[in-house]
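Observations on the three-dimensional arrangement
Here are the chains, one letter per residue:
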Amino acid sequence: ENGVLGKWSRTPSLPRNMTSLSVFSDGFSLFIAGGWDGYILSGDTISASVNSAGSIGSFLPADSPLPQPLEFMSTAQIGNTVYIAGGAGATGSPTASVLFNTFASPGTLGQWRSASPLVIPLVMPGISTNGKYLFIAGGFDGYQTRKETYYAAVNPDHSVGQWFLSPYPLPLGVYKYGLLHDDNCLFVIGGFNDAQYAQSAIYSTSVDPQNGPGAWARIGNLPYGLYSYGFTESNNTLFILGGINGS
């Protein structure tokens, strides 16, 4: 209330310890898809109802499993449609799959459908959207960190059109970072490079409605290199929480 955070409350636990998963919500339920529990790679989707006071109920299976088990995927949401791009499958290799799912009713997912795949298989690329396009930048292809930037139109039926390669790559390949869209600009914040480790640089580019993202420019730095963090934006303020600042 009034910008002041209340006390943290413990909610019902996940059915088992999980990491590298996808989290999203329609405001009525909290959903978790995929992930790794240290032994088994999951393709399940589970959900918990969100109560009026903000607490959540117990997690239960949702009747909308992923087409395949996945971890390390990237997630974006446009209204009531969720998009999951890339990730690693059962063999541990990156995948080029793009999945989308539109909520059938409040608190209820539909079935996952396949959209136009990524140009190359990627793990943990940055993903963002302006509501009309999806943007992908960076990622790891299983051998090296990538610096390409791609964009694709979101169709009226919520599917994704062909992916186009921007002629302007990132100055340095990164993954495990946050890609933010705000005021018709994209921002790359920190991240991990397999040769230079944790990055502190912040890059920005404007998005042309016809030609996609333009050239990237370095506009600032984090206090130190950081990756695998949580982030959110509110009222033109970016918040970054946790993360790793080593190699």
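Rules used in this analysis
- Residues numbered from 1 in each chain as written.
- Predicted model: local features only at pLDDT ≥ 70, side-chain atom pairs only at ≥ 80, totals over all residues.
- Heavy atoms only, no water.
- Helix = DSSP H or I, 4+ residues; strand = E, 2+ residues; numbered from the N terminus.
- Buried < 20%, exposed > 50% of the residue type's maximum accessible area, 1.4 Å probe, protein only.
- Contact = heavy atoms within 4.5 Å.
- Core = buried A, V, L, I, M, F, W, Y, C linked by side-chain atoms within 4.5 Å.
- Salt bridge = Lys/Arg side-chain N within 4 Å of Asp/Glu carboxyl O.
- pLDDT = per-residue confidence, 0-100.
- Pairing = 2+ DSSP bridges.

**Considering the environment of Ile202**
Position of Ile202 among the secondary structure elements: in strand S16 (residues 197–208). For Ile202, a relative accessible area of 17% corresponds to the buried category. For Ile202 and Ile219, which are 17 residues apart along the polypeptide, the C-alpha to C-alpha distance reads 5.9 Å. With residues up to four places along the chain from it excluded, the contact list for Ile202 reads Val188, Ile189, Ala217, Arg218, Ile219, Gly220, Asn221 and Leu222.

**A short note on the nonpolar core**
By size, the foremost hydrophobic cluster in this structure holds 20 residues, and its most contacted members are Tyr177, Leu179, Val188 and Trp216. Core analysis: the next-biggest nonpolar cluster, separate from the first, contains 18 residues, Ala76, Tyr83, Ala96 and Ala115 among them.

**What about the pattern of salt bridges?**
If you walk through the whole model with that rule in mind, you get three salt bridges. Of the charged contacts in the structure, one is a salt bridge between Asp141 and Arg146, with a shortest N-O distance of 2.9 Å. Grouping residues by exposure puts Asp141 and Arg146 together as buried. Glu148 serves as the salt-bridge partner of Arg146, at 2.6 Å between the closest nitrogen and oxygen. Pair check on accessibility: Arg146 and Glu148 agree, each one buried. Among the charged side chains, a network of salt bridges with common partners joins Asp141, Arg146 and Glu148.

**Details of the confidence of the model for the chain**
With 98% of its residues at a pLDDT of at least 70, the chain reaches an overall mean of 93. The element-level mean pLDDT for the chain is lowest in strand S19 (residues 230–234), coming to 86, with strand S6 (residues 81–85) highest at 98.

**Describing the pairing of strand S15 (residues 185–193)**
The buried count for S15 comes to eight of nine residues, which makes it a mostly enclosed element. Alignment of strand S14 (residues 178–182) against S15, held across five bridges, turns out to be antiparallel. Within the sheet, the bridge partner assigned to Leu179 lies in S15 and is Val188. In sequence, S14 turns back onto S15 through a hairpin of two residues, with Asp183 there showing a positive phi of about 55 degrees. As judged from the eight bridges shared by S15 and S16, these two strands associate in the antiparallel manner. If you follow Gly191 over to S16, its bridge partner there is Gln199. Counted between consecutive antiparallel strands, the loop separating S15 from S16 contains three residues.

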